[in-house]
Amino acid sequence: MSQQYKKIPMPLRYLINALLFAAFLFGGTALIKGGAVSNYYTKVLMLLGINIILTVSLNISTGYLGQLPLGHAGFMAVGAYASAIFMTRVGLDASVAFPIGLLLGGVVAGLFGIMIGIPALRLKGDYLAIITLGFGEIIRVVLLNIDSVLGFKLTYGAASLKSIPKTTTFFNTFLCVGIVCFLIHTMMKSRHGRAILSIRENEIAADACGIHVTYYKVLGFAASAFFAGVAGSLYAGYLGILNPSSFGFMKSIEILVMVVLGGMGSMVGSVLAATVLTAVPEMLRAFSEYRMIVYSLLLIMVMIFKPSGLMGMYDFSLSHILEKIINWKPGRKKSAGKAGEENG
Amino acid sequence: MSVYSTILRQIVNGLQAGSIYALVALGYSMVYGIITLLNFAHGDIIMIGAYIAWISMAKFATNPVFAILAAILGCTLLGVFIEKAAYKPLRGAPRISLLITAIGVSFLLENVAQMVFGASAQVIPSFFSIPALSLGSIDISGNAVVTVITSAVSMILLTFLVQKTKMGKAMRAVSEDTDAAQLMGININSTITFTFAIGSALAGIGSVLYCSAYPQATPTMGAMLGLKAFVAAVLGGIGSIPGAMIGGFAIGLAEALVSAVGLSVWKDGVVFAILIIVLLVKPTGFLGKPMQEKV
């Protein structure tokens, strides 16, 4: 290209994003501390953060890997229970126990992801969907009944696991959101991410190109489970009480709706869809009984009229937009082409 | 009561539940065979059938025969309508889209039913009172006998339909190779619609039999029933009529035995564990054909 197209150098890009993110985090915390955001809205925001993590994590296995697991709530449950049991049993200070619990929830869920992924990912399409659904249900049934088998109090089954320290705040929720999104972003931009994408595009071709399909499938699946576990840990600290019935098939579908609506394979789509589908039901409390009907209609409509979802595979990049602005000269068509569009 | 009669009683229960699973599994199996869609909404069609039976008997006090016919007809029409409205626009779309749509339809039916009929269970009056059959020291409920016989007859008729009639030939052709069947002058759309109609009619029969065994209707009754029937279909080999029957009976008996040893809370877990083992050891099921990978 003859014209000089100014680019923002890499460290600066990260710096801009990090600064904006930090401004959002501290600004939000200051607003909450100052009482500008009511307690209720803070709760909604925290739930929103948890839903964003769930959605972007399911997006790894649905959007990037191209599989359809229906047991995502199961991983969330595993993470939530792991961290809740850790936090209630270990007498550490909450500020120390919480990050460890968070990590523990993620790791345990990730291990379950590997355990379930290795057999499940041998299957394809509908079979994979149904086997993950089966695993999700088994996790729920086990959490519900394991106390009676082991003979001691662990999950408290249907009586709910109570008095979990409420350690989740706006700050640490959105810190997790930022870290999770960053990790997924960098993973998908690495060679591992490209291998995962190639499996979605054509598994047989990817295999023929020497990509270890099973390994990358399990990797994607485990990453997805790990982040779901982190979200589950946050959820445990957010609610302070856990019941296996809240991690049923319904919950998995709710997360799936968010991914599908946002566009499978688009992180910004996932974030947007999670935001909309968390915020709208809260605003329309009066119509809460229609919520699931609207969800299911949305699912059908999106599939029939716009199967790629709201955002398709578009991913938002602030730096690209900034670059467009600094390169923009009036009276001349941009020759830089479509800079904002990126795959994955 | 002796151990034998307990076991025998559980076996009868298992056969009764199993034959219902088998009927529902057939619907799954046929639809899967023809458009490779796992029709999640199939279980919810059964739920609607149960509500139709409840309305016509409890609200309008109609004759049970009419209620049964209404339930079967209602299920058939609903199945065809779902196919036309939700699945037909997606012919040729990726399978994941179809599957997500099916999940959407299933949730829509459940939630609409919950809004219209309420979340609490509605008690369905019994259709007929059939005298129990006494066999030596134990009594076998008449319902169980009728259920097993009805499903066996349905399956024989279905086998006849698929193997001997022109429409059955068309169905087999479409499931074998859709494009080639179209080139041979088979109307794909009407064949698929017909398959949905038959599958849903079987779901309607299953719904009536289910209601005579467990006489209540709830919005979520279809979900678990449908999933278990799907497990039965996979176990027997998807796409195979006798396979669905064997799978259904196997799941029904396994459930009854788990309950008999006092582990009924683990029942659902056991069914899914069976599914996982089958998928890992023999993904084609007992009687299924192996699927070839196409490049």
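Residues numbered from 1 in each chain as written. Chains lettered and ligands numbered in written order. Predicted model: local features only at pLDDT ≥ 70, side-chain atom pairs only at ≥ 80, totals over all residues. Heavy atoms only, no water.

**Observations concerning the overall build of chain B**
Check the secondary structure of chain B and you find eleven helices and four strands. Taken over the C-alpha trace, chain B has a radius of gyration of 19 Å; the compact-globule value for 295 residues is 19 Å, and the two agree within 12%. Expressed as lengths along the three principal axes of its C-alpha atoms, the size of chain B is roughly 60 × 45 × 35 Å. Counting only residues that meet the buried cut, chain B has 52% of its 295 residues in that class. Across chain B, every contact between residues at least 6 apart in sequence was considered, and the portion connecting residues at least 24 apart equals 75%. Here chain B holds 15 positive side-chain charges and 10 negative ones, and the gap between their average locations is 7 Å. (Helix = DSSP H or I, 4+ residues; strand = E, 2+ residues; numbered from the N terminus. Rg over C-alpha atoms; globule rule 2.2 N^0.38 Å. Buried < 20%, exposed > 50% of the residue type's maximum accessible area, 1.4 Å probe, protein only. Contact = heavy atoms within 4.5 Å. Lys, Arg positive; Asp, Glu negative; His and termini not counted. Charge placed at Lys NZ, Arg CZ, Asp CG, Glu CD.)

**Regarding the overall build of chain A**
Summing up its helical and strand segments, chain A has 13 helices and zero strands in all. When the helices and strands of chain A are listed from N to C terminus, the series reads α-α-α-α-α-α-α-α-α-α-α-α-α. Rg of the C-alpha trace for chain A: 21 Å, near the compact-globule value of 20 Å for 344 residues, within the 12% margin. On the principal axes, the C-alpha backbone points of chain A span a range of 75 × 55 × 40 Å. The buried share of chain A, reckoned over its 344 residues, is 53%. The contacts of chain A with a sequence gap of at least 6 include a subset with a gap of at least 24, amounting to 81%. Put simply, chain A shows about 15500 Å² of open surface, and 69% of that area lies on carbon and sulfur atoms. Treating the 27 positive side-chain charges of chain A as one cloud and the 14 negative ones as another, the clouds have centres 7 Å apart. (Areas by Shrake-Rupley, 256 points an atom, 1.4 Å probe, with all protein chains shown as cover.)

**A few points about the side chain of Lys228(B)**
Residues and elements named next belong to chain B. Residue position: Lys-228 is located in helix H9 (residues 221–236). On the basis of relative accessibility, which here comes to 6%, the residue Lys-228 falls in the buried class. Separated by 3.0 Å, the side chains of Lys-228 and Asp-268 make a polar contact. Once you skip the residues sitting within four places of it in the chain, Lys-228 turns out to touch Tyr-21, Ile-251, Glu-255, Lys-267, Asp-268 and Val-271. (Polar contact = N/O pair within 3.5 Å; in protein donor to acceptor, adjacent residues only side chain to side chain.)

**Focus on the packing of aromatic side chains**
All told, the structure shown has 19 aromatic pairs over all chains when counted by the stated rule. Summarising the aromatic geometry, the rings of Tyr40(A) and Tyr41(A) are spaced 5.2 Å apart at their centres and angled 65° between planes, so their arrangement reads as edge-to-face. On the basis of relative accessible area, Tyr40(A) is assigned to the partly exposed category, the value being 40%. On the basis of an interplanar angle of 70° and a centroid distance of 5.6 Å, the ring pair of Tyr28(B) and Phe230(B) is categorised as edge-to-face. With Tyr28(B) in helix H1 (residues 3–35) and Phe230(B) in helix H9, this residue pair connects regions lying 202 residues apart in the sequence. Phe230(B) shares its class with Tyr28(B); the two are buried. Among the aromatic residues, ring-to-ring pairing joins Tyr81(A), Tyr235(A), Tyr238(A) and Phe247(A) into one connected group. (Phe/Tyr/Trp six-rings, centres within 6.5 Å; stacked < 30°, edge-to-face > 60°.)

**So, helix H8 (residues 188–213) of chain B**
All names here are of chain B. The first and last C-alpha atoms of H8 sit 37 Å apart over 26 residues, in line with the 38 Å expected at 1.5 Å per residue. Most of H8 is tucked away: 21 of the 26 residues are buried. A distance of 3.2 Å separates the backbone nitrogen of Asn-189 from a side-chain oxygen at the start of H8, and that oxygen is part of Asn-187. (Expected span 1.5 Å × (residues − 1).)

**Considering the packing of helix H5 (residues 142–164) of chain B against helix H6 (residues 166–176) of chain B**
Residues and elements named next belong to chain B. At a minimum axis separation of 5 Å, H5 and H6 run at an interaxial angle of 75°. Comparing their axes, H6 and H5 come out roughly perpendicular. Together, Leu-161, Val-162, Gln-163 and Lys-164 of H5 and Lys-166, Gly-168, Lys-169, Met-171 and Arg-172 of H6 make up the contact between the two elements. Class assignment of the residues belonging to the contact of H5 with H6 gives a composition of three nonpolar, two polar and four charged. (Axes fitted to C-alpha atoms, helices over the stretch in contact; angles between N-to-C directions. Parallel < 35°, antiparallel > 145°, perpendicular 65-115°, else oblique. Nonpolar A, V, L, I, M, F, W, Y, C, P; charged D, E, K, R; others polar.)

**Structural notes on the packing of helix H3 (residues 64–87) of chain B against helix H4 (residues 95–117) of chain B**
Residues and elements named next belong to chain B. As a packed pair, H3 and H4 sit with axes 11 Å apart at the nearest point and diverge in direction by 130°. Here H3 is positioned oblique relative to H4, judged by the angle of their axes. In this structure, H3 crosses over H4, and the sense of that crossing is right-handed. Across the interface between the two elements, Leu-78, Ile-82, Ala-86 and Tyr-87 of H3 pack against Leu-98, Thr-101, Ala-102, Val-105 and Leu-109 of H4. (Left-handed = near helix turned anticlockwise from the far one by under 90°.)

**A short note on the interface of chain A and chain B**
Taken residue by residue, the interface counts 41 residues in chain A and 44 residues in chain B. With both chains or domains summed, chain A and chain B bury close to 3600 Å², and 82% of this area falls on carbon and sulfur atoms. One can count zero salt bridges joining chain A with chain B. Scanning the region where chain A abuts chain B turns up one residue pair in polar contact (both at pLDDT 80 or more). Counting only elements with at least two residues in the side of chain A that touches chain B, the list comes to helix H5 (125–150), helix H10 (249–262) and helix H12 (291–305) of chain A. The dominant element in the side of chain A that touches chain B, judged by the number of residues it contributes, is H5(A), at 15 residues. Looking at the side of chain A that touches chain B residue by residue, the class counts come to 31 nonpolar, five polar and five charged. (Buried area = accessible area lost by both parts, 1.4 Å probe. Salt bridge = Lys/Arg side-chain N within 4 Å of Asp/Glu carboxyl O.)

**A few points about the environment of Ala102(B)**
Residue and element names in this part refer to chain B. Among the secondary structure elements, Ala-102 is positioned in helix H4. Considered as a pair, Ala-102 and Gly-206 are 104 residues apart in the sequence and their alpha carbons are 20 Å apart. Setting aside anything within four residues of it in sequence, one finds Ala-102 in contact with Leu-37, Leu-38, Asn-39, Phe-40, Ala-41 and Tyr-87.

**With respect to unusual backbone geometry**
All names here are of chain B. Here Thr-36, not a glycine, exhibits a phi torsion of approximately 40°, which is positive. Within the secondary structure, Thr-36 sits in the loop between H1 and helix H2 (42–59). Taking the relative accessible area as the measure of exposure, Thr-36 reaches 31% and is therefore partly exposed.

**Focus on the environment of Gln163(B)**
Examined against the element boundaries, Gln163(B) turns out to sit in helix H5. As for Gln163(B) and Ala173(B), which are separated by ten residues in sequence, their C-alpha atoms are 11 Å apart.

**Some details on the pattern of salt bridges**
Residues and elements named next belong to chain A. Tallying each qualifying case throughout the model produces six salt bridges over all chains. Here Lys-217 and Glu-203 are joined by a salt bridge, their closest N and O atoms 3.2 Å apart. Taken together, the residues Lys-217 in helix H9 (residues 213–239) and Glu-203 in helix H8 (residues 203–208) connect sequence positions 14 residues apart. By relative accessible area, which is 22% here, Glu-203 ends up partly exposed.

**Comments concerning the confidence of the model for chain B**
Interpretation of this model should avoid reading the predicted coordinates in detail wherever pLDDT is low. Summary statistics for chain B give a mean pLDDT of 85 and a share of 96% for residues scoring 70 or more. The ipTM, which scores confidence in the relative placement of chains, is 0.78 for this predicted complex, and the corresponding pTM is 0.82. (pLDDT = per-residue confidence, 0-100.)

**Observations concerning the nonpolar core**
Ranked by size, the top nonpolar core spans 186 residues in total, and within it Leu70(A), Leu242(A), Phe40(B) and Tyr87(B) carry the most contacts. Dropping the residues within four chain positions of it, Leu70(A) is found in contact with Ala129(A), Thr132(A), Leu133(A), Phe249(A), Ser252(A), Ile253(A), Leu256(A), Phe40(B) and Ile103(B). (Core = buried A, V, L, I, M, F, W, Y, C linked by side-chain atoms within 4.5 Å.)

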